[in-house]
Amino acid sequence: MDADERLLHASSFGAAAVAYAEHRPDYAQAAVRWALEPAPGQRVLDLGAGTGKLTATLVALGAEVIAVEPDPAMLIELRRSLPDVRALSGTAEAIPLPDASVDAVLAGNAMHWFDMAAAGPEIARVLALGGILAGLWNVMDDQVEWVSGLARVSGSAAIGPRDTPTGWRAETADMHLPKTGATARFGSPEQAEFPHGQRRTADSLVATIATRAGVLVMPEQEQAATLAWIRAFLASRPETARGEFTLPMLTGALRVRRL
């Protein structure tokens, strides 16, 4: 994905902010604990915070959280749902915080949107000595047969390589590095996966997939056809055809230490 395409996808969420807040999953607490384990303190920046899915998990774990999000519509939803959290407008490439002001920077399903040539130095700037950068991604467990079938039917724009365990490790292993050959600001990466799940119905799972960037930027007819195929597949499967079910997921985590 080139820079223009990445910007188009990254800026697509605001129009779906309310649906994003309603349908996107939270993050496995075990994954967040693991991400924060080596951090020197509890001051945490949720960078690219969206509507606050990761922010809420951090608050529940007792972290001192600041949220930064560039999209005004997403920020409105975050402030509405988490009024006691300090939430600022800003980007990974221009973080509105002082030097060495946080012990960890976490990004939930967001680090792949960062331009690390610019964001890497900014993140390193706001991190305290020994601070941690961690990315978290919720992925569908395609080791489960019906989930694997859903991924095939949905197509890579809706459920891409980064969205399943078989691909997310390779896709994110160097996510902390600048793509320009600039000096890396972080040490060797560690990755881990943690069981997770989300209660869904067929309708709410379709609504969840509809908030993915690849679907949001589709032409209207293509989007409608893709969601119709997904809905038909879910109606055909005994696991998902009637009532609520648990979508099998994992929260994958990447963590690196500031150099």
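Residues numbered from 1 in each chain as written. Predicted model: local features only at pLDDT ≥ 70, side-chain atom pairs only at ≥ 80, totals over all residues. Heavy atoms only, no water.

Caption draft 1: Structural context of the confidence of the model for the protein chain. For the protein chain, mean pLDDT is 92; residues scoring 70 or higher make up 94% of the total. Note on residues 4–14: pLDDT under 50 across the span, and 27 contacts to partners over four residues away in sequence or across chains. (pLDDT = per-residue confidence, 0-100. Contact = heavy atoms within 4.5 Å.)

Caption draft 2: Quick peek at the sheet that holds strand β6 (residues 190–200). Judged by pairing direction, the sheet is mixed, and its seven strands sit side by side in the order β3-β2-β1-β4-β5-β7-β6 without closing on themselves. Sheet topology places β3 (86–89) and β6 at the edges, where each strand pairs with a single neighbour. Taking each pair of neighbouring strands and ignoring which way they run, the sheet shows an average axis angle of 25 degrees. Pairing analysis gives four bridges linking strand β2 (residues 64–69) to β3, with the strands arranged parallel. Bridging from a neighbouring strand, Ala67 pairs with Ala87 of β3. (Pairing = 2+ DSSP bridges. Helix = DSSP H or I, 4+ residues; strand = E, 2+ residues; numbered from the N terminus. Axes fitted to C-alpha atoms, helices over the stretch in contact; angles between N-to-C directions.)

Caption draft 3: Spatial organisation of the packing of helix α7 (residues 145–154) against helix α11 (residues 220–236). Packing of α7 against α11 brings their axes to within 9 Å, and their N-to-C directions diverge by 155 degrees. Between α7 and α11, the interaxial angle falls into the category roughly antiparallel. Every pair of crossing elements has a handedness; the one defined by α7 and α11 is right-handed. Of the residues in α11, those in contact with Trp146, Gly149, Leu150, Val153 and Ser154 of α7 are Thr226, Trp229, Ile230, Phe233 and Leu234. Grouping the amino acids of the contact of α7 with α11 by side-chain chemistry returns seven nonpolar, three polar and no charged. (Parallel < 35°, antiparallel > 145°, perpendicular 65-115°, else oblique. Left-handed = near helix turned anticlockwise from the far one by under 90°. Nonpolar A, V, L, I, M, F, W, Y, C, P; charged D, E, K, R; others polar.)

Caption draft 4: Quick peek at unusual backbone geometry. Its identity as a non-glycine residue notwithstanding, Ala100 has a phi of 50 degrees, on the positive side. Within the fold, Ala100 resides in the loop between β3 and β4 (102–108). Look at Ala100 and you get partly exposed, because its relative accessible area is 39%. With phi around 50 degrees, Asn109 is a residue other than glycine that occupies positive phi space. Among the secondary structure elements, Asn109 is positioned in the loop between β4 and α6 (116–126). Overall, Asn109 belongs to the buried group, its relative accessible area being 16%. (Buried < 20%, exposed > 50% of the residue type's maximum accessible area, 1.4 Å probe, protein only.)

Caption draft 5: Geometry of α11. Between its terminal C-alpha atoms α11 stretches 24 Å, which fits the 24 Å expected from 17 residues at 1.5 Å a residue. For α11, every residue scored as buried is listed here: Thr226, Leu227, Ile230, Phe233 and Leu234. On an axial view of α11, the arc spanned by its buried residues comes to 120 degrees, and they lie on one face. In α11, the exposed residues that point more than 90 degrees away from the buried face are Glu220, Gln221, Trp229, Ala235 and Ser236. Contact partners of the buried residues in α11: α7, α9 (202–209) and α10 (213–216). (Expected span 1.5 Å × (residues − 1). Arc of directions from axis to C-beta.)

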